[in-house]
Amino acid sequence: MEVKSPTVPSYNLQSIALNNYETLVNNQNLSDFKFICSDGKEIFAHKCILVSFSNKPSEDEQNSSNFFRTMLESNMRESKDNCMQVSDIDSKTMLELMRFVYCEKIRCIETNDLIPLMFAADKYDIVVLRSACIEIMHNNLSVDNVVEILTVADTLDSLKSLKENCIDFIKLWVLIS
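Anyway, here's the lowdown on the structure attached to this text. (Residues numbered from 1 in each chain as written. Predicted model: local features only at pLDDT ≥ 70, side-chain atom pairs only at ≥ 80, totals over all residues. Heavy atoms only, no water.)

### Considerations on the pattern of salt bridges
For the coordinates displayed, the defined rule picks out ten salt bridges. Across the salt bridge formed by aspartate 122 and arginine 130, the nearest N and O atoms sit 3.2 Å from each other. (Salt bridge = Lys/Arg side-chain N within 4 Å of Asp/Glu carboxyl O.)

### Here we look at the pairing of strand β2 (residues 42–45)
Sheet topology places strand β1 (residues 33–36) next to β2; four bridges connect them, and they run antiparallel. Residue pairing in the sheet places phenylalanine 35 in a bridge with isoleucine 43 of β2. Two successive antiparallel strands, β1 and β2, enclose a turn made up of five residues, where glycine 40 displays a positive phi of approximately 85 degrees. (Pairing = 2+ DSSP bridges. Helix = DSSP H or I, 4+ residues; strand = E, 2+ residues; numbered from the N terminus.)

### Brief notes about the packing of helix α7 (residues 127–139) against helix α9 (residues 160–176)
In the contact formed by α7 and α9, the axes pass within 10 Å of each other and the chain directions differ by 10 degrees. Classified by the angle between their axes, α7 and α9 sit roughly parallel to one another. Of the residues in α9, those touching α7 at Ile134, Met137 and His138 are Ser161, Leu162 and Asn165. Looking at the contact of α7 with α9, its residues break down into three nonpolar, three polar and no charged. (Axes fitted to C-alpha atoms, helices over the stretch in contact; angles between N-to-C directions. Parallel < 35°, antiparallel > 145°, perpendicular 65-115°, else oblique. Contact = heavy atoms within 4.5 Å. Nonpolar A, V, L, I, M, F, W, Y, C, P; charged D, E, K, R; others polar.)

### Observations regarding the pairing of β1
Where β1 lies against strand β3 (residues 83–85), three bridges are found, and the strand directions are parallel. Residue pairing for β3: isoleucine 36 is matched across the bridge by glutamine 85.

### What to know about helix α6 (residues 111–123)
Since one α-helical turn is 3.6 residues long, residues separated by three or four positions face the same way. Here α6 is 13 residues long and its end C-alpha atoms lie 18 Å apart, about the 18 Å a rise of 1.5 Å per residue gives. Listing the buried residues of α6 in full gives Thr111, Asp113, Leu114, Ile115, Leu117, Met118, Ala120 and Ala121. On its buried face, α6 sits against α5 (91–103), α7 and α8 (146–153). Looking one or two places after α6, you find aspartate 125, whose phi comes out positive at around 60 degrees. (Expected span 1.5 Å × (residues − 1). Buried < 20%, exposed > 50% of the residue type's maximum accessible area, 1.4 Å probe, protein only.)

### Considering the sheet that holds β1
Reading across the sheet, the three strands line up as β2-β1-β3 and stay open at both edges, with mixed pairing between neighbours. If you trace the sheet from one side to the other, it starts and ends with β2 and β3, each paired once. Shown here is a sheet whose adjacent strand axes are inclined to one another by a mean of 20 degrees, direction ignored. Sheet strands in contact with α5 are β1 and β2, and its direction is about 10 degrees off that of β2.

Here it is as structure tokens:
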């Protein structure tokens, strides 16, 4: 007589966990760290999630950033005060950065939101988020945003591909108009 293995429902447990983490984004309950942003607003966080983000395994290590681990496991003032002043990032951008750290989601797709998010990701060495912002801008070039994106892309050598795409877009637009 053949013994059958029990049928296990297939769930995407990682997706479920990440969705659950989203409820913790900027949730003051049980938070033990806060970012005070350039607009004076506070964004609440959890040290264990910030540090775990630093440990996320990946083949190319692009999903992780050692910034938070280094800051929180050192004798830096931020670690002791459980607070970090962020004078160059507003609360809207920091909230989206935290949403990515907690659950790897990006809600904003507008250029005026993506540009500061890209710079924040660069500041905290979150390569995959920075790359995602660049890709979204790259895929959503329009007559309305190409000049703004080109201006930003022209300031950084690392955005050469985005700059070239903007120039090609402008050339094509000139040809068809």
